Amino acid sequence: MQQTGPMNAYPLTSAPIVRHHRLVFFLAIYVAYVVALFWFANVRDAGDPGRSLVRLLTPVVELSLLGMACAACMRMATRRTRRWPWILITGVIAATAAGVYLVQIYSLRISSNFISVLALQNADSIAFVQSPRLKLAVALAMLWVGLFCIAAALASAAPATLRRAMSEGWRSSVFISASSGLLLLFAYAITLQGRNPRLEPGFREAPMASLLANLYRANTDPAPEVPSPVVPRTADLGCFSFPEAGPEAPFPFQRTRAFRSLLPATGGDASRPPNIIVLFTEGLSARLVGAYGGRYPGLTPNIDRLAARSMRVDDYFNHTAATFRGLIGQLSSGFSYAGGGGAGGWTQEGTLEGLSSIRRQTLPLIANEAGYDTHFFAPHKAHRPIIGMLHSMGFGTVHTYESISHDWLGGRAVTRHGTAALDDASLYAGVVAFLHDREAAGERQPFFLATYNIGTHAFLSSADGEVPYGSGDNPVLDKVHNLDRALGEFLAYFEASPYARNTLLVLTSDHATYPEPPYREVAGSDLKPLFVDRIPLLVLDPSRALPATLEAEGRTSLDLAPTVLQLAGLQTRSNAFLGASLFEPRRLDVGIAALGSRYFLTRPDGVYGMDEIPEGDRADFDCAVEVVRRFYEVERDNRIFSGSNAGSVPVAR
């Protein structure tokens, strides 16, 4: 028979904080979230208090639903002799609530947004997230969940009459009705997720519903669904002219030429094709580079020195992100729906073979056919999926962490702190050693060489041994400064070498800088919390007198491949490029960037999200979105490029 003695005999179990532990627990989570939403994300809707009200109410629905689930478990515990299984389930629910809201709060801090599909598709970058504050928050969350579990256990040990009072305050019919209503509201909230790419007017997302919806999107692989203009499916598009075969051909984007005409050569060694070097820097926006008006004197002196001798392209944006899409998109002048992670992504088990089999015409494949020796220098170890992706792009040799260290640095490579990859100094030292060996051997075969570094990746902290910028209190400035320092060693060798007379040198980025908090502190007030921005493009060509600057007028890195081919004088016989050389008219009427099924307009005055497109650009933007959507469709069916009549021919310069 159960004990029913006086409640004051159970001082802990009858304490108010134990009796109301669920309310205290979930209310604390709610308060923390609201503070983060209006502090970290700085969400404001002046003149529209209804939006703020919805933001405040949607997490109440989520947390109330979880609280009701915990109450149901306590109700079951009062009716069972074995209470611990129900207490355990209650603890799991509490831990889930704390974990989800902690993740979303931290995401608000680092990106002013909830965790996006893009972030989930690049989950390998999670390893770079290092923050004492995050560790402290995790510890506090674990402590809070632990206290909740202790309170739940104490509550379950109370006399039967008190347990019933704590768990059966509502009649069963009211409890069921309230729970059902909350569940329906939560299900409705899930259907509202993902309608905006960032926190901006119209935002209605709730933390848990958003995460569930994005987890589903990231781990399923549906056909891309995007807004389309009212255009017949078989029709040509007003903003884009399909090649000769037409939009309903088996390979609708395949065409015969990468550029219309040669550029006049005024110098250099015209007796043989030029070497080509493309330096892809990790996540570098133009706004941090001194030559592009960067506000930090001496941050990028070596890049600035290169810019003074090169053609600087202005108002030029990344057309996709993150690294997998950025490298694929620029090397093939197209788009890739698959990112690094997520369903169907390159880092998922079993996807490498299928993604590698998608036929694309690329810069290295064209160079191979023209008799070039093609190389890519990557900081990653050989087993990483990005190495397989680079092989699929057609590089004859992909130099990895192991081969660079063994073949070119005598085993003296340095690992970048916070990663398992080469630091930037080691990467560029490997390139210098490679070029020096070719020079010493008198190798005359032209080469195409590309690189990608890791040191400027988002979320990395400053590393020991690196040179701080100024006081060293901003890791983004430190990382960019040390990238510039490493590049300076390469440029010093290059400028003094014979390659300077017959090598086309291009410096750009795989994508814009991710808007993490330290970057937002230094990027300027005009930065939008998007993953699209102006990126650098510097071109040093000894064979011709290029203008000091070229205005891209909002064009994007979709145009990189045909621009490089025109500068090198390599005319492909067949390709499926969406872009055009920057020296020729654009193929799309507006600049467009696509991150999976998120689309952005790029103009000389900046970048616009899907819900802020200027009315005068709406028709052209919708049409460009339709072009990308059709490109995704042919990518899914492996109909981008037939692979027939492939190759290129060197053109007299």
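Read on for a plain summary of the structure. (Residues numbered from 1 in each chain as written. Predicted model: local features only at pLDDT ≥ 70, side-chain atom pairs only at ≥ 80, totals over all residues. Heavy atoms only, no water.)

Some remarks on helix α14 (residues 385-392)
Since one α-helical turn is 3.6 residues long, residues separated by three or four positions face the same way.
Part 1: Looking at α14, one finds that the buried residues are Ile386, Ile387, Gly388, Met389 and Leu390.
Part 2: On its buried face, α14 is in contact with α11 (323-332), α12 (352-356), β3 (373-377) and β4 (397-399).
Part 3: Immediately beyond the C-terminal end of α14, within one or two residues, lies glycine 394, with a positive phi of roughly 105 degrees. (Buried < 20%, exposed > 50% of the residue type's maximum accessible area, 1.4 Å probe, protein only. Helix = DSSP H or I, 4+ residues; strand = E, 2+ residues; numbered from the N terminus. Contact = heavy atoms within 4.5 Å.)

Remarks on helix α2 (residues 21-39)
Part 1: Under the 1.5 Å per step criterion, the end-to-end length of α2 is 27 Å for 19 residues, consistent within 8% with the ideal 27 Å.
Part 2: Buried residues of α2: His21, Arg22, Phe25, Phe26, Ile29, Tyr30, Tyr33, Val34, Ala36 and Leu37, and no others. (Expected span 1.5 Å × (residues − 1).)

Some thoughts on the environment of valine 61
Part 1: On the secondary structure map, valine 61 appears in helix α3 (residues 49-78).
Part 2: Spatially, the C-alpha atom of valine 61 lies 9.0 Å from that of alanine 206, the residues being 145 residues apart in sequence.

Comments concerning the pattern of salt bridges
Part 1: Across all of its chains, the model carries 21 salt bridges by this definition.
Part 2: With a closest N to O distance of 2.9 Å, arginine 305 and glutamate 495 form a salt bridge. With arginine 305 in helix α10 (residues 301-309) and glutamate 495 in helix α17 (residues 475-496), the pair connects residues that are 190 residues apart, well separated along the chain.
Part 3: Note on glutamate 495: relative accessible area 27%, which makes it partly exposed.
Part 4: Ionic pairing is found between aspartate 314 and arginine 312, a salt bridge with its closest N-O pair at 2.7 Å.
Part 5: By relative accessible area, which is 17% here, aspartate 314 ends up buried. (Salt bridge = Lys/Arg side-chain N within 4 Å of Asp/Glu carboxyl O.)

Some thoughts on the pairing of β3
Part 1: Across the five residues that make up β3, a large majority, four, are buried.
Part 2: Pairing of β3 with strand β5 (residues 447-452) involves five bridges; the strand directions are parallel. The partner of histidine 375 across the bridge, within β5, is leucine 449.
Part 3: When β3 meets β4, the two strands line up parallel, connected through three bridges. Bridge pairing links histidine 375 to threonine 397 in β4. (Pairing = 2+ DSSP bridges.)

A look at the state of the cysteines
Part 1: For the structure shown, the criterion picks out one disulfide.
Part 2: The partner cysteine of cysteine 239 in its disulfide is cysteine 623, sulfur to sulfur 2.2 Å. Judged by the torsion about the S-S bond (-85 degrees), the cysteine 239/cysteine 623 disulfide is left-handed. In this pair, cysteine 239 sits in the loop between α9 (207-218) and β1 (275-281) while cysteine 623 sits in helix α20 (residues 618-636), placing the two residues 384 residues apart along the sequence.
Part 3: Here cysteine 70 stays free of any disulfide, with the sulfur of cysteine 73 as its closest cysteine sulfur at 6.3 Å.
Part 4: Judged by relative accessible area, which is 0%, cysteine 70 ranks as buried. (Disulfide = S-S within 2.5 Å.)

Description of the sheet that holds strand β10 (residues 591-595)
Part 1: If you trace the three strands from one edge of the open sheet to the other, you get β10-β11-β12, paired in antiparallel fashion. At either end of the open sheet lies a strand with only one pairing partner, and these are β10 and β12 (606-608). Neighbour-to-neighbour, the strand axes of the sheet open up by a mean angle of 30 degrees, direction not taken into account.
Part 2: Strand direction decides the pairing type here: strand β11 (residues 598-603) and β12, joined by three bridges, are antiparallel. What sits directly across from threonine 602, in β12, is valine 607. (Axes fitted to C-alpha atoms, helices over the stretch in contact; angles between N-to-C directions.)

So, the packing of α11 against α14
Part 1: Here α11 crosses α14 at 10 degrees, and the two axes come no closer than 11 Å. It follows that α11 is roughly parallel to α14 by the angle criterion. Judged by residue contacts, Thr323, Phe324, Leu327 and Ile328 of α11 engage Pro385, Ile386, Met389 and Leu390 from α14.
Part 2: Taken together, the residues of the contact of α11 with α14 sort by class into seven nonpolar, one polar and no charged. (Parallel < 35°, antiparallel > 145°, perpendicular 65-115°, else oblique. Nonpolar A, V, L, I, M, F, W, Y, C, P; charged D, E, K, R; others polar.)

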